[in-house]
Amino acid sequence: MDFDSLIALVNNAALLLALGILYDTIAYRPGREGSLIYPRVITGVVLGGIGIAIMLNPWNFGQGVVFDTRSVLLCTAGFFFGAIPTVVAVLMTGAFRLFTGGAGTWTGVAVIVTSGAIGLAWRSLRRSRKADPALVELYLLGLVVHAAMLAWMLTLPWRIAFDVLSKIALPVMLIYPPATAILGKLMVNRETRRFAEATLRESEEKFRNIFMRHSAIQLIIDPDTGTIVDANEAAEQFYGWPITRLRRMNISEINTLLPDDVKAEMAKARSLQRFHFEFKHRLASGAIRDVEVYSGKIRAEGREFLHSIIHDITDRKQAEKTLREKEYFLSRVVQTTPDGFWIVDTQGRLVDVNNAYCAMSGYSRGDLIGTHITDLDAVETPEETAVRVQRVIASGSEILETCHRRKDGSVFPVSMSTTFLNEPSDQFVCFIRDLSARLDAEKQLMESHDLLSNLAGQVPGVIYQYRLYPDGRSAFPYASPGMKDIYEVTPDEVREDATPVFGRLHPEDSDRVSAAIWESARTLQTFYCEFRVILPRQGLRWRWSQAQPQRMTDGGTLWHGVISDITDRKRAELQSRQFSDIIDKSLNEIFIFDSQTLNFRYANRGALKNLQYTLDQMRSLTPVDLKPDFTESQFRNFILPLLLDQKESLTFETVHQRADGSTYPVEVHLQLIDSESDRVFLAVIYDIASRKQAEKEKNKLQAQLLQAQKMESIGRLAGGVAHDFNNMLSVILGHPEVALEKLIPADFLHVE
């Protein structure tokens, strides 16, 4: 093979690679196996066009024998693009080869068909393999295809075949397989990039959805200005402002700290000095909530932002405050209670005692620390005490009555409540009460009970204790006088049996209330329920109850709670829902739109039906989109008196344009609703098409009546004029006749 021939083959391969690079540059995406036929046929046409372009720049061997890189293109097409594109490309290039003619025509067609078939067969054989083809595999494909191409040269006349093979065999096997591998690698790289781009888009969409729809409140904040760049749906629900409004707000409008303090805290988050904060945030309603903020630095679009995840900890803060108050209260109780107090280790020796027990027993604190409880108990033997210790460890707590021995040897009765705490240090906590003062204590308890009853009697609703026994029985051990109003039963009637109360429950709510009670008993979570009762005197009423459960030593559960009458609130809620329903079902069009952006926030059912829009579509429109008579500037100037409080309302007539382009006349009643947190316009629209038609008919009839009256007047005028002319003509005609009678017949004035 001479140098010119080699250059021709190299140029042909370079043209193929250039066309492959061009094909890759325009990002043409091959059709998948299951896609529609039309795009795959188009792909085949593009491939066929590339093949014909290659065949227009061949190396002409003479005697009708030409060589080019169509075999590279067609085997690559079969391997990457599938059957339909390859068949189309084979038909186009085969037809073109038949058109060019020559001694090697049928050999060339055979090479075309064989190249495409090998590519398709190779594709089919590796279908189960998920990995992309390596460069070596693509090179092997090129070797097989072009070995087959050289084999087809044997179909030429022997002299031509020998001459052709002797000159092109080595160059073809040196150039064409690498060209096949390189072109295939271009296609693999293109598909890899496309897959990576699709994966990136899917990942971005996934994380966008995670951000927007996550139940946690999330904000993206510009640390330089404090502007809220983005907020999710949970933030919209929590703060009460729409997301569009939040994106226009500054974090200092929400955070109750001073602006400079807010900037200082953001700087700490930005510099990673802190990532956890506790603030007070302001809601759209004006309420202040305690929040816990986890804030971290992120980068987007070449800038730094703060990604803040916010948790409402108002309830937790209140619970912590209550817990601190309880802890302080309990510590004060331990220090000031008249009952004795022990802390005992698992060996039965005292670790700590309070002053009350020292006074009770006559021992000093130093005497008691380290003393074994058997030295103080005057009833139990050491063996019985050891058994009781193990029993308390197993059960967790126990209450017993025994006798203790004072320092002077005297014995006094006590009631002892013992609880085993395995955290943090496996100790017993014991409260000891001197029962010799029981009568005084009972008297004080009765007085306290009377005071509590008097106070409870002044509280709306009922304060109660509700007890659920292990065997399923229930009762109200204590209920304030409000029980009579809440259930129309007396406290005495339900002190031993709660059945009368459950008999008052509405049949549709009875099972739900019972299930809530059992669930609260199982989990020891706060009982909270709204339910209906049917009372003999008051009829149907709504009740609300909240109670805190505690486990009793017998395995039962005792709740302390309140029940209130919420009938008025429920009626108000029902009236509100009914009012909303009335507005929504009104045949008139009713709109609410933003006073700044003019975007619709609400449109009732009548408006949506008449305008032929959905509510989502309406939220992207403004009144100007419905009123072709107005431009936006004209409309803003028109409503300016309302914004400046110069007028309370505006009433005017205009036309509305439906989604299909048709229009109809309307009468608009527009009012600005100004609340503490927002300003919106309320528009009530009357369709006056019928009224306008009636007015048009009325005006037409009036015009016809006026025309008839005019014609009648003209007729009367014409009759009078004719009568007057007739009278004058009679006189005029009468005088000549008299004159003629006075003339002689021969006078020339006579006319025969």
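Residues numbered from 1 in each chain as written. Predicted model: local features only at pLDDT ≥ 70, side-chain atom pairs only at ≥ 80, totals over all residues. Heavy atoms only, no water.

Draft legend 1. Quick look at the sheet that holds strand β17 (residues 557–565). Reading across from one edge, β14-β13-β17-β16-β15 is the order of the 5 strands in this open sheet, with antiparallel pairing throughout. Here the strands that pair on one side only, and so sit at the sheet edges, are β14 (474–479) and β15 (527–535). Within the sheet, the average angular offset between the axes of one strand and its neighbour, ignoring direction, is 30°. Bridge count for strand β13 (residues 462–468) against β14 is 4 bridges, and the pairing is antiparallel. Looking across to β14, one finds that Arg467 is bridged to Ala475. The strands touched by helix α19 (residues 507–523) are β13, β15, β16 (539–551) and β17; relative to β15, the strand with the most contacts, the crossing angle is about 150°. Against the sheet, helix α20 (residues 567–585) contacts β15, β16 and β17, and its axis sits at roughly 120° relative to β16. (Pairing = 2+ DSSP bridges. Helix = DSSP H or I, 4+ residues; strand = E, 2+ residues; numbered from the N terminus. Axes fitted to C-alpha atoms, helices over the stretch in contact; angles between N-to-C directions. Contact = heavy atoms within 4.5 Å.)

Draft legend 2. Inspection of helix α6 (residues 135–152) at higher detail. In this model, α6 (18 residues) spans 26 Å end to end at C-alpha, consistent with the 26 Å of a helix rising 1.5 Å per residue. Buried within α6 are the following residues: Glu137, Leu138, Leu141, Gly142, Val145, His146, Ala148, Met149 and Leu150. Elements in contact with the buried residues of α6: α3 (70–81), α5 (105–125) and α7 (158–213). (Expected span 1.5 Å × (residues − 1). Buried < 20%, exposed > 50% of the residue type's maximum accessible area, 1.4 Å probe, protein only.)

Draft legend 3. Structural detail: the packing of α3 against helix α4 (residues 83–100). Between α3 and α4, the shortest axis-to-axis distance is 8 Å and the interhelical angle comes to 160°. By the angle between their axes, α3 is roughly antiparallel relative to α4. Considering the relative orientation of α3 and α4, their crossing is left-handed. Mapping the contact onto sequence places Arg70, Leu74, Ala77, Gly78 and Phe81 in α3 and Ala83, Pro85, Thr86, Ala89, Val90, Thr93 and Arg97 in α4. Of the residues that constitute the contact of α3 with α4, the class distribution is 7 nonpolar, 3 polar and 2 charged. (Parallel < 35°, antiparallel > 145°, perpendicular 65-115°, else oblique. Left-handed = near helix turned anticlockwise from the far one by under 90°. Nonpolar A, V, L, I, M, F, W, Y, C, P; charged D, E, K, R; others polar.)

Draft legend 4. Expanded view of helix α10 (residues 259–270). For α10, with 12 residues, the first-to-last C-alpha span of 16 Å sits near the 16 Å given by 1.5 Å per residue. Of all the positions in α10, only Val262, Glu265, Met266 and Ala269 are classed as buried. All buried residues of α10 project into a common sector of 100° when viewed along the axis, lining one side. Exposed side of α10, more than 90 degrees from the buried face: Asp260 and Lys263 are the residues found there. Turning to α10, the residues buried within the fold contact β3 (217–221), β5 (276–282), β6 (288–300) and β7 (303–312). With its phi angle positive at about 65°, Leu272 sits one or two positions after the end of α10. (Arc of directions from axis to C-beta.)

Draft legend 5. Region of the structure containing the nonpolar core. Counting residues in hydrophobic clusters, the biggest one holds 26 residues, and the most contacted among them are Phe591, Phe593, Phe600, Met618, Phe635, Leu670 and Phe681. Secondary-structure elements contributing two or more residues to this core are β18 (589–594), β19 (600–603), α21 (605–611), α23 (623–626), α24 (632–643), β20 (649–657), β21 (663–674) and β22 (679–687). Per-element tally for this core: the top contributor is β21, with 5 residues. When neighbours within four sequence positions are excluded, Phe591 is seen to be in contact with Phe600, Tyr602, Ala603, Ala607, Leu611, Met618, Leu626, His656, Phe681, Leu682, Ala683 and Ile685. (Core = buried A, V, L, I, M, F, W, Y, C linked by side-chain atoms within 4.5 Å.)

Draft legend 6. Main features of the environment of Ile298. Here Ile298 lies in strand β6. As for Ile298 and Arg270, which are separated by 28 residues in sequence, their C-alpha atoms are 9.0 Å apart.

Draft legend 7. Molecular detail of the packing of aromatic side chains. By the definition in use, this model includes 22 aromatic pairs. Centroid distance Phe277 to Phe279: 5.6 Å. Interplanar angle 10°. Geometry classified as stacked. Look at Phe277 and you get buried, because its relative accessible area is 2%. Judged by its relative accessible area of 15%, Phe279 falls in the buried class. Among the aromatic residues, ring-to-ring pairing joins Phe591, Phe593, Phe600, Phe630, Phe635, Phe638, Phe652 and Phe681 into one connected group. The aromatic ring of Trp542 is capped on one face by Lys570, whose charged end is 4.5 Å from the ring centroid. (Phe/Tyr/Trp six-rings, centres within 6.5 Å; stacked < 30°, edge-to-face > 60°. Lys NZ or Arg CZ within 6 Å of the ring centre and 35° of its normal.)

Draft legend 8. The arrangement of the side chain of Asn250 in detail. Mapped onto the fold, Asn250 is located in the loop between α9 (243–246) and α10. In this structure the side chain of Asn250 is engaged in a polar contact, spanning 2.7 Å, whose partner is the backbone oxygen of Thr225. Ignoring any residue separated from it by four or fewer positions in sequence, one finds Asn250 in contact with Thr225, Gly226, Thr227 and Ile228. (Polar contact = N/O pair within 3.5 Å; in protein donor to acceptor, adjacent residues only side chain to side chain.)

Draft legend 9. Molecular detail of unusual backbone geometry. Positive phi, close to 60°, is recorded for Glu488, a residue that is not glycine. Despite not being glycine, Leu598 shows a phi value in the positive range, around 70°. Its place among the elements puts Leu598 in the loop between β18 and β19.

Draft legend 10. Highlighting the pattern of salt bridges. Enumeration according to the criterion identifies 37 salt bridges in this entry. For the salt bridge of Arg316 with Glu278, the shortest nitrogen-to-oxygen distance reads 3.3 Å. Taken together, the positions of Arg316 in helix α11 (residues 314–336) and Glu278 in strand β5 put the pair 38 residues apart, joining distant regions of the chain. Classification of Arg316 as partly exposed rests on a relative accessible area of 32%. In this structure Glu278 comes out as partly exposed when scored by relative accessible area, which is 37%. The structure contains a network of salt bridges with shared partners spanning Glu278, Glu292, Arg316, Lys317 and Glu320. (Salt bridge = Lys/Arg side-chain N within 4 Å of Asp/Glu carboxyl O.)

Draft legend 11. Examining the pairing of strand β12 (residues 427–434) more closely. Judged from the 6 bridges that link them, strand β8 (residues 340–345) and β12 form a sheet pairing that is antiparallel. Looking across to β12, one finds that Gly340 is bridged to Ile432. Sheet topology places strand β11 (residues 411–421) next to β12; 8 bridges connect them, and they run antiparallel. In the strand pairing of β12, Leu421 is matched with Gln427.

Draft legend 12. Representation of the layout of surface pockets within the structure. A volume near 520 Å³ is recorded for the second largest pocket. For the second largest pocket, the lining is made up of 15 residues, of which Phe207, Arg208, Phe211, Ile220 and Ile298 are closest to its centre. For the lining of the second largest pocket, the secondary-structure elements that each account for two or more residues are α7, β3, β4 (228–231), β6 and β7. Among the elements that make up the lining of the second largest pocket, the one with the highest residue count is α7 (5 residues). Tallied by class, the residues present in the lining of the second largest pocket amount to 8 nonpolar, 2 polar and 5 charged. (1 Å grid on protein atoms, 1.4 Å probe; cavity = no way out; pocket = protein on both sides within 12 Å on 5 of 7 lines; lining within 4 Å. Points joined across faces, edges and corners; volume = space filled by probe spheres on them.)

Draft legend 13. Inspection of the environment of Asp485 at higher detail. With respect to the helices and strands, the residue Asp485 is situated in helix α16 (residues 483–487). A relative accessible area of 39% means that Asp485 is categorised as partly exposed. A sequence separation of 79 residues divides Asp485 from Ser564, and the C-alpha atoms of the two residues are 10.0 Å apart. The residues contacting Asp485, other than those within four sequence positions of it, are Leu535, Arg537, Gln538 and Arg543.

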